[in-house]
Amino acid sequence: MSTIDPLPSFVVPTGLFFRQYHLECLSLFSYLIGDTTTGRAVVVDPQRDISGYLADAEANGLRIERVIETHFHADFVSGHLEMARATGAMISYGSEARTDFEIDPLSHGQILELGAVQLEIRHTPGHTPEAISIVLSVPQAGDVKRDKPWAVLTGDTLFIGDVGRPDLLTSVGRSADSLARDLFASLHEQILTLPDATLVLPAHGAGSACGKRLENASSSTIGEQREFNYALAPMSVTNFVDLVTEGQSVAPLYFAFAADANRRDRPSLDEHSAPALLSLEDLLAYQSGGAVVLDTRSADVFASGHLRGSVNVGLDGRFAEYAGDVLRPGQRVVLVAEEDRAVEARVRLARIGFDNVIGAFPDVAQAISNRPELKSIAQRLNAGDLVTSLVDDGSATQIVDVRNPSEANATGTIPNAIHMPLPQLLDQLDRLDPSAPTVVYCAGGYRSSIAASTLRAHGFKRVADITGGFAAWQTATTLPAT
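Report follows, based on the coordinates. All of these numbers come straight from a predicted model, not from anything done at the bench. (Residues numbered from 1 in each chain as written. Predicted model: local features only at pLDDT ≥ 70, side-chain atom pairs only at ≥ 80, totals over all residues. Heavy atoms only, no water.)

**Focus: the sheet that holds strand β23 (residues 463-466)**
In spatial order, the strands read β19-β23-β22-β20-β21; together these five strands make up an open sheet with parallel pairing. Only two strands of the sheet have a single partner each, and these edge strands are β19 (379-381) and β21 (418-419). Bridge count between β19 and β23: three bridges; the pairing is parallel. When the sheet's bridge partners are listed, Arg380 is paired in β23 with Asp465. Along the sheet, helix α14 (residues 446-457) contacts β19, β22 (438-441) and β23; its crossing angle with β23, the most-contacted strand, is approximately 175°. (Pairing = 2+ DSSP bridges. Helix = DSSP H or I, 4+ residues; strand = E, 2+ residues; numbered from the N terminus. Contact = heavy atoms within 4.5 Å. Axes fitted to C-alpha atoms, helices over the stretch in contact; angles between N-to-C directions.)

The following block contains the structure:
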């Protein structure tokens, strides 16, 4: 978790404590907002490991009295329960939300006063039915409360350069068309009615799968978004629906699980507890009993030697998101991780609700040196090797493209490739022949290592991936993309 100071062009009003947090690996922005006179504060959309908010509140003489969730997040399990249990804070969602735990629901138009600092709740459905946005004002002498709001926390309703995708709830009977129409109304009736100078503070930034064109920025203004955001250009509601429902990435496999988990009561995360260190015998016993061995080392290190049947998701990338694409919720997990990073790996999995980590095994290099029969090496082809293979005997090779549809549509694909985005891999294994030689590629090589190791763990015998991904293939070949 890192903090982001307001941009220099924005002056924080007298009496306001404001801090924005950025969890880069999940593209999450969250907020601590307080009144410096009264010491009363709220946290908005917190990540599950909450120690950073608690430390900042204590250091600045703030008392967190409420946790506000802008909606049921699908991309992470939020820290509302952890925060409530640690501080006694009440939990609030919009009035349309239904949960297994007690909440203090917030109605459209309701004003929360922390002192001089005021939070106005606006119901802004579209990304989800219960979504709210929060208008933040600190009236100064002579100000009219609603005429000069300082900022609006837009959750996943409005991003910088984009709007929230309306298609994530189709699996539970809510049509993307209906939610997109709600989103259009929310944007035009509740968000764009704010003054142009109002600061826009979203819940996500670039890299999030909750939209398709999020910019790499932490804040903007209503005026800037009115001028530059493609989804806010003048258009009919019908055109808006078409625009925001087409071209979305395939939602990560764990999204439905995480969204449901945010409605449920559950145990709190102990973010400082280290997973138990396992012996090799314990690891093998758990693996034979169905546990997934999740190797968190880099793709190149993994390729040079790993425990047979391991799945590789490198800890230095978007670890939790991609682990959630190739693991099932509730599966038992054994981590292969250096001892000093095992806690990090466990916490990052917990951020998406994957809590069933049995333990960690740090000594894989020594183990496979002592027990070479347990060692497996992953084949990583350079693009030139694949070009030669396709020319010489391409019909014998099963090629799998695990990029998102928008990536494939933008650049084309390797001839005869089977397009299977990573989040769909586990559910579409029957489209592939496990006995055929298989080559997997993505854009650069991170996701392809994940996919190739997953296929091997599911019984595919001859699997390689392409280092450098599709870009390297384009450089190495004169064959046209299809």
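Still more ground to cover, so stick around.
**Digging into the packing of helix α9 (residues 319-326) against α14**
Relative orientation and spacing of two packed helices are given, respectively, by the angle between their axes and the distance between those axes. At a closest axis distance of 11 Å, the pairing of α9 and α14 adopts a crossing angle of 30°. Considered as vectors, α9 and α14 are oriented roughly parallel to each other. In this structure, the crossing between α9 and α14 has a hand that is right-handed. Touching Phe319, Tyr322 and Val326 of α9 are Tyr446, Arg447, Ile450 and Thr454, all from α14. (Parallel < 35°, antiparallel > 145°, perpendicular 65-115°, else oblique. Left-handed = near helix turned anticlockwise from the far one by under 90°.)

**Some points on the side chain of Thr157**
Secondary-structure assignment places Thr157 in the loop between β10 (151-155) and α3 (176-191). Of the polar contacts made by the side chain of Thr157, one reaches the side chain of Thr124; its length is 3.2 Å. (Polar contact = N/O pair within 3.5 Å; in protein donor to acceptor, adjacent residues only side chain to side chain.)

**Examining unusual backbone geometry**
The backbone phi angle of Ser27 is positive, close to 55°, even though this residue is not glycine. You can see Ser27 is positioned in the loop between β2 (16-23) and β3 (28-35). Phi at Asn416 takes a positive value of approximately 70°, unusual for a residue other than glycine. Within the fold, Asn416 resides in the loop between α13 (405-411) and β21.

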